Structure formats: C-alpha cells, structure tokens
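Overview (structure and organization)
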Amino acid sequence: MTVSLKLEGLYPEVVTPLDGNGAILEREFIMYVQQLARVGWIAGGVVVNGTLAERPDLTPEERVRLVERARVAAPADFDVIVAVDADDAEGAVSAVNQAAEAGATAALLRPPAKTARALVETVDAEATLPLVIRVGADVDAETLTQLGGLGSVSAICTDGGDFAAQHAAIGESAAHLTAADDASLVDHLVGGADGALMATAGVGTVAWAKLLRLCRDGEADQARALFDGQLAGLGPALRGGQDAPRGVLVKEALVLQGLISTAGMRGGDVADDAQREDVRTALVAAGLLPG
Amino acid sequence: MSQPQFWNPDMPAGRFDDPEYRREHFDHLSEDLTHGRYIRISGAMREQCPVAHSDAHEDGFWSVSRYRDIEYVHMNLEEFSSCPVTIPPVGNPRPMAPIESDPPLHKGYRRILTDVFSKPTQKGKEDVYRAMAVELIEQFVERGRCDIAEELCIPLTLNALMDALGVPGPDRAMMGNIANRIVHRTGGADDTVLAVGELYAYFTDLSEQRRADPQDDIVSALCTAEIEGTPLSLIEILDVCMILVPAGFETTASSMSYMFLMLAEQPELAQRLRDDPSLIPAALEEMLRYSTPVRGLARTVVADVELSGQKLRRGDRLHLNWLAANHDPEVFDQPEVINIERKPNRHMGYGLGPHLCMGLHMARAEMKVAFEEILARVDNIRPEDVDAIVESTGPTWGLTHLPITFDKR
C-alpha cells in the first residue's frame, strides 16, 4: 500500500505527563499538544509514543489513547506522528495500522541498520500510514536511496553522519528531516533539510521555530547567532549525560516552565539537584525562564 | 438620548488620526485612544481596513473590527484557538481554563462552573449583593460626593467575587491589588509576572485548606470537581482561579464605572431609570454595548483561513475589536446613540459564542442592585471634576477614579 504525506517543519517529540501514581494526565497532555500546535505554521506536528514518551512503559491501550488525544487536541493539518516499535515487521505493521485507526497521520520507525531495508519494505507493503524512517550514522547511501524510493516512505530522518551525502542519496524521493540539536542543526536546515524531529523541541518550541524561520529566510548567520546565544545549551542540558534516563530532564524543563505539573516517570526516575540546576541554567540562557 | 460627553468622538487621537499609521500600528492598549477616540479610530479601521495587520506587541497581530467577522471567529473554535486570550499574553504558562481552553477540554471546564454562575443561582444572590451595595453606599451618601469607582464599583464587585471564591475578608484588598497589577499592568510587565506568581501561591494555600475542610465556595467546588471521572489537578484549580480573579470582578467594576459616568452625563436617562427601575436591566445592556470595557480578546489561527478577503496563516494572532463590533452600523442602527429600547441588542460586551462570559449573570445582578440602590437614594448625579477621572487601559478598560457629586434624596 502506498500512502504519502508532505512533511515539513518542526516535529517535537512529546513527553507523557503522569501523576504521582503513574497515571496519564490526559488534560495536561492535550493542553501541551495544543500549545505546540499554536506555535504556527512552522510546527508541522508532534511525535507521540516515542522513547521520550516512555513508550516501553505504556500499555498498548494507552498508546492508542495518546494518539486519539493528540488527534483531538490538534488542528486537522497538524501531523500526529506515532512512534512504533520496529523490532520485527509483523509487530510494526500491526502497530502502524492500530495507530492509523486512532487517527495518526504517519508512523515513525527506527529499524536497526542491518535489517532496515527488509523491515521497511514489509511495512511499506502492508501498512496504512505514511512512514517516517529514522536512521543513524551507520546507514549507507544505497539503503537511503532504496528507502526513499518506497512508496509509503514520506520522510527519512537522519541522526548523525554526513548530512550532505545523505541528502544527496535521498534526493527528491522523500522529505529529509534531521534529528540534530547541536550546532549542525543550522547547517542541516540551510543545507536542504525539510524539517527536524526534535527531542528538545517541546522545550522552547517558539525559539526553535524562530531558528527554523531564519534558516528558511536564508538568514544563516542570524540563525547561528540565535543558536549560539540561546539554544546551544538546551540539548546537552536535557540529555544530561549518559546516566540520565530519556525524558526525565525534558520533563523537569517542562515543569520549570509551568507547562506540565509533575516530572514523574513510570520507572520512578527523577532528576538530581545538579541536573535540575543545569536544566534551569539552560532555560534561563535560552530566555525561557527569568534569570 | 444624546451621545455621552466623555465619548466625544471629535477629540484628536494624534498619530492614530493618520490612516496609514493606524492601519500598520493599531494598538488596542494605547493611552492615545482614551475617551471617545477608541470608538472613532476603531470605527475608521472597520470601514477602511477591517482585517489589518499591526506590528504592535512583539510579532504583531491582525486587528479584526467588523461584527460579522468577529462573530465568525467566535463561533469557530476549530479554526481559532482561544489561547492566549490577550495580546500581549498575560504571562500564565498554561491556558487559563476555561477562557483559554479549546475543544475538547473547553466544555468540561465550563460545566464545573455552570451552576455557580447560572442565572437562578445569581438571582438568588441578589439580596447578598444588595446588602453589600447598601453598606458601601451608606458610607458616602451623606457626603454628597464620592469617588464612585473606588467606593462602590470596585469594592462591591471585589467583595462579591471574593465571597464566591471563599477568600477571607482580610485578604480581599490584597487580591484586588494583585488583580490590578495583572489587568492594568500597574507595575509594568515584569511585575505582572510576579503578580501571577503571587496569585498562584495564594490559591495553592487556599485550595489546600479547602481540600481539608470544604466550604460553600468556588475553590471548594473546584477541589471536589471532576471531568470525565478525573479530579482537577492543583494546577488546573490554580488556572481557573487565575482567570476568575481579574475577570470576575475587575470587568464588572469597569463596566459599572462607565455606566455611572453615563448616568452622570445624562440626567434625563438617570431620571427615567429612577422613575421606572424595570428599565435598568435593558439600560445596563445598552450602556455596556456602548462602552465595551473589554475592548476585545485575542485568538490564534490554528488552520489557514481567509477572513474578509485576507489570508491568515496558522499561528497568526488576532485581536477581535469588540468595541468596533458593538458600534458596527451594519448590526446596530445609530450605534453612536444610547438607546435603552434597542432590540435586539446582541452586543459583544460579554463576548459571543461558546466562550460567552460565564459570569454575565453575576455581573448583571451586581450592576442591577447597585443602580437600583443608588438611584433610590440620590438625585442629580453629576461628574465632580472631569479632569480627575482616570481611565485605565489594558485587557479591560475602565475608570479607576470617578469623582461624582449628588443630592441625597
């Protein structure tokens, strides 16, 4: 089955707000998605059920529910991209089709490099949603070309590696998104990226959107100045080194900004004081919190 | 009825008299638009550029001034988000429920407050409001003069709201101060952010008390409310309080202040209402249409759309000029005239559509008893010193000082 979608702009990967008992705070989730949708034309959609959203700890029913909630929260032309497990083709097809029924507009898969082509070909043949394929630096140009040529693959998101070579390999067959949140982001956006999947974009989306707008307007120097002056510290602060669980520091940042109420995670992870202070410092530097 | 003098349309409006300037820089908060200037300038906008882009306030916004366009925006929640509801935003981190909430949350939040603000409930509160009004009036009626904004409009509406919320008497003046800092930005933009923080801190404490010991008040109701089986979280409770404090009393006080000025400027209108108090409710509606203290609210475009031929893109901000709409001759015959027999009078003084002001029955009840009690006690109301009248701008415009004289009956 061939289904396609034009992907363009910022695609923040959203967290899943949880209360103290680990239950999903649906109304906070809806408000959070709506806040992102209001940023403007430059925010193309959101990614739900990603690793940042604690996908491994969500039940299948909860994953479907989050897609449904994101759909009703967002305007019709705002994409709801659902991240699905890509351990095996059969499971991926099932998850993609379930997400389609819940109202998702595309599915995001991150297959292992060695099996990427075979897995995506199977999903492409049977799934009912446009696909976004996220690949690492280890994917070769031939695979990128082949993936981009599949009918349902609407975008390929590259995470590391030689962006220009990857861009050439993908060509016009699919949109090219970047996952960079470091200084190379501006280079990628100026160098032809159609947009960005952003693990930090739920924090400071307006600032990221301004950066993208500057890149689109050909104002690369201003974009770099904006990045260096405000945004450079966000990515590292929200990753917090190897020890920090994915999502916990992003949640801390969202709490500090008042966008969600608690930073709790299902695994019980919490930021330590030093990490929390680093996040606060990065938010202040980005102009997202008063100094 | 004649046109009230305060709104003399011929007063010069400086740079806003230049059509090009106002088209590109219209600012609904400008102090250059006080008195009757706002009506005249926004009327000119409505005729010349009904959907005009202004570069005022950060990234700019579209000023919408035709009744029908504004009506369309209000009725289409799917195309126009209610958040943020002001330009510039107040500074609250999350949407203020229910005024800034969109579907599917909007109905759930409104439903919680429906009973509190319903017409029957507020009708039943009239005696309470009347007692508050009488107590205040008796403090100044012997003097033959007062600052009616400061001595009646503000304390009456503040007391009524604080009573409804469950805020104890000693804290009410402080809350009034916080609301002023938020609504009129009396301490500047940074202070507004501080005031929002103080308001959140206060209601955090109060909601903790009410969770432990519920009373018959709004904060207790919020603490026990559920939407689809889920209780409100603390931040949801705080967000509701965040909108209720400024919107719940300050708008009514401002409305009342303009109305008292109209009575002071139009003794024949005052006498007519004194002779037949049953005309007061319709008169209040017409004076509200005319003065429109909430000059308008904001919307955000969530899907590309065209309005009066102007293409708008997702993320664009709109300011809906309610005052311009309330003076739109396509909807209101002779809009510059105060006609208390105007029917229909579908004005936007309380907004329109699904986000219609929830507190309108409370406001109407408070204003009705205040006017009944004043008119029953005094004759010959007139402005004491027009130069001492202070008009404040902001999301809500109003008279914060209105010295009047009168003869006790």
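Residues numbered from 1 in each chain as written. Chains lettered and ligands numbered in written order. Predicted model: local features only at pLDDT ≥ 70, side-chain atom pairs only at ≥ 80, totals over all residues. Heavy atoms only, no water.

Re the packing of helix 13 (residues 280–291) of chain B against helix 15 (residues 360–377) of chain B
Residue and element names in this part refer to chain B. As a packed pair, helix 13 and helix 15 sit with axes 10 Å apart at the nearest point and diverge in direction by 115°. The orientation of helix 13 with respect to helix 15, classified from their angle, is roughly perpendicular. Along this stretch, helix 13 crosses helix 15, giving a crossing that reads as right-handed. Across the interface between the two elements, I280, P281, L284, E285 and M287 from helix 13 touch R364, M367, K368, F371, E372 and L375 from helix 15. Per-class residue counts for the contact of helix 13 with helix 15 are seven nonpolar, no polar and four charged. (Axes fitted to C-alpha atoms, helices over the stretch in contact; angles between N-to-C directions. Helix = DSSP H or I, 4+ residues; strand = E, 2+ residues; numbered from the N terminus. Parallel < 35°, antiparallel > 145°, perpendicular 65-115°, else oblique. Left-handed = near helix turned anticlockwise from the far one by under 90°. Contact = heavy atoms within 4.5 Å. Nonpolar A, V, L, I, M, F, W, Y, C, P; charged D, E, K, R; others polar.)

Structural notes on the nonpolar core
Membership of the largest hydrophobic core comes to 221 residues, with the highest contact counts inside it found for A:L109, A:L211, B:L152, B:L165, B:F203 and B:F260. Ranked by residue count, the leading element in this core is helix 11 (residues 234–265) of chain B, at 18 residues. Leaving out residues up to four positions away in the same chain, B:F203 has contacts with B:L165, B:V167, B:M175, B:V219, B:L238, B:C241 and B:V245. (Core = buried A, V, L, I, M, F, W, Y, C linked by side-chain atoms within 4.5 Å. Buried < 20%, exposed > 50% of the residue type's maximum accessible area, 1.4 Å probe, protein only.)

Looking at helix 9 (residues 189–212) of chain B
All names here are of chain B. Between its first and last C-alpha, helix 9 extends 36 Å over 24 residues, near the 34 Å set by a 1.5 Å rise per residue. Among the residues of helix 9, those classed as buried are D191, T192, A195, V196, L199, Y200, Y202, F203, T204, L206, S207 and R210. Packing partners of the buried residues in helix 9 comprise helix 7 (148–165), helix 8 (172–183), helix 10 (218–224) and helix 11. (Expected span 1.5 Å × (residues − 1).)

What about the packing of aromatic side chains?
Residue and element names in this part refer to chain B. Applying the stated criterion to the full structure yields 14 aromatic pairs over all chains. Ring geometry for F16 and F26: centres 6.5 Å apart, planes at 75°, overall edge-to-face. Within this pair, whereas F16 is found in the segment before helix 1 (19–25), its partner F26 is found in the loop between helix 1 and helix 2 (37–48), the two being separated by 10 residues in sequence. For F16, a relative accessible area of 0% puts it in the buried group. Where Y202 meets F203, the ring centres are 5.4 Å apart and the plane angle is 85°; that geometry is what we call edge-to-face. (Phe/Tyr/Trp six-rings, centres within 6.5 Å; stacked < 30°, edge-to-face > 60°.)

Regarding the interface of chain B and chain A
Often the size quoted for an interface is simply the accessible area lost on bringing the parts together. Listed by partner, the interface residues are 25 residues for chain B and 23 residues for chain A. Between chain B and chain A lies a buried interface of about 2000 Å² when both sides are counted; carbon and sulfur atoms form 54% of it. For A:D77, the salt bridge is made with B:R314, and the minimal N-O distance between the two is 3.4 Å. Remark: the boundary between chain B and chain A carries five residue pairs in polar contact (both at pLDDT 80 or more). (Buried area = accessible area lost by both parts, 1.4 Å probe. Salt bridge = Lys/Arg side-chain N within 4 Å of Asp/Glu carboxyl O. Polar contact = N/O pair within 3.5 Å; in protein donor to acceptor, adjacent residues only side chain to side chain.)

Observations concerning the sheet that holds strand 7 (residues 175–178) of chain A
By way of backbone hydrogen bonds, the strands of a sheet pair with one another, either parallel or antiparallel. All names here are of chain A. The strand order across the open sheet formed by eight strands is 1-8-7-6-5-4-3-2, and the pairing between neighbours is parallel. Both outer strands of the open sheet, strand 1 (9–12) and strand 2 (45–48), are each paired with one neighbouring strand and no more. Between one strand and the next, the sheet's axes are offset by a mean angle of 25°, whatever the strand orientation. Relative to strand 6 (residues 153–159), strand 5 (residues 131–136) runs parallel, the two sharing six bridges. (Pairing = 2+ DSSP bridges.)

Side note on the sheet that holds strand 4 (residues 145–147) of chain B
Residues and elements named next belong to chain B. Spatially, the three strands line up as an open sheet ordered 4-14-11, and their pairing is antiparallel. In the strand order of this sheet, the two ends are held by strand 4 and strand 11 (378–383), each with one partner. Neighbour to neighbour, the strand axes of the sheet diverge by 25° on average, direction disregarded. Relative to strand 4, helix 7 is tilted by about 60°, and along the sheet it contacts strand 4 and strand 14 (403–408).

Looking at the pairing of strand 2 (residues 61–64) of chain B
All names here are of chain B. Burial along strand 2 is two-sided: the face carrying F61 and S63 and the face carrying W62 and V64 are both buried. With four bridges connecting them, strand 1 (residues 51–54) and strand 2 associate as antiparallel partners. Considered in strand 2, the bridge of A52 is made with S63. Joining the antiparallel neighbours strand 1 and strand 2 is a turn of six residues, in which H57 adopts a positive phi near 65°. Bridge analysis of strand 2 against strand 10 (residues 317–321) gives three bridges, and the strand direction is parallel. Bridge pairing in strand 10 links S63 to H319.

Things to note about the side chain of A:Q166
Residues and elements named next belong to chain A. With respect to the helices, strands and loops of the structure, Q166 is situated in helix 6 (residues 163–170). By relative accessible area, Q166 is classed as buried at 5%. Polar contacts involving the side chain of Q166 include one to the side chain of T158, which spans 3.2 Å. Residue contacts for Q166: discarding those within four places in its chain leaves G136, L144, T158, G160, G161 and H176.

Observations regarding the confidence of the model for chain A
For chain A, per-residue confidence averages 90 on the pLDDT scale, and 97% of positions sit at 70 or higher. At the level of individual helices and strands, chain A shows its lowest average pLDDT in helix 8 (residues 205–216) of chain A, which scores 87, and its highest in helix 6 of chain A, which scores 97. (pLDDT = per-residue confidence, 0-100.)

Details of the packing of helix 6 (residues 126–138) of chain B against helix 7 of chain B
Residue and element names in this part refer to chain B. Relative to each other, helix 6 and helix 7 sit at 145°, their axes nearing to 10 Å. The crossing of helix 6 and helix 7 is right-handed. Packed against helix 6, whose contacting residues are V128, Y129, M132, A133, L136 and I137, the element helix 7 presents E151, L152, P155, L156, N159, A160 and D163 at the interface. Of the residues assigned to the contact of helix 6 with helix 7, the class counts are 10 nonpolar, one polar and two charged.

Some words on the pattern of salt bridges
Residues and elements named next belong to chain B. Scanning all chains against the criterion turns up 46 salt bridges over all chains. Ionic pairing is found between R172 and D163, a salt bridge with its closest N-O pair at 3.8 Å. Classification of R172 by relative accessible area gives buried; the value is 15%.

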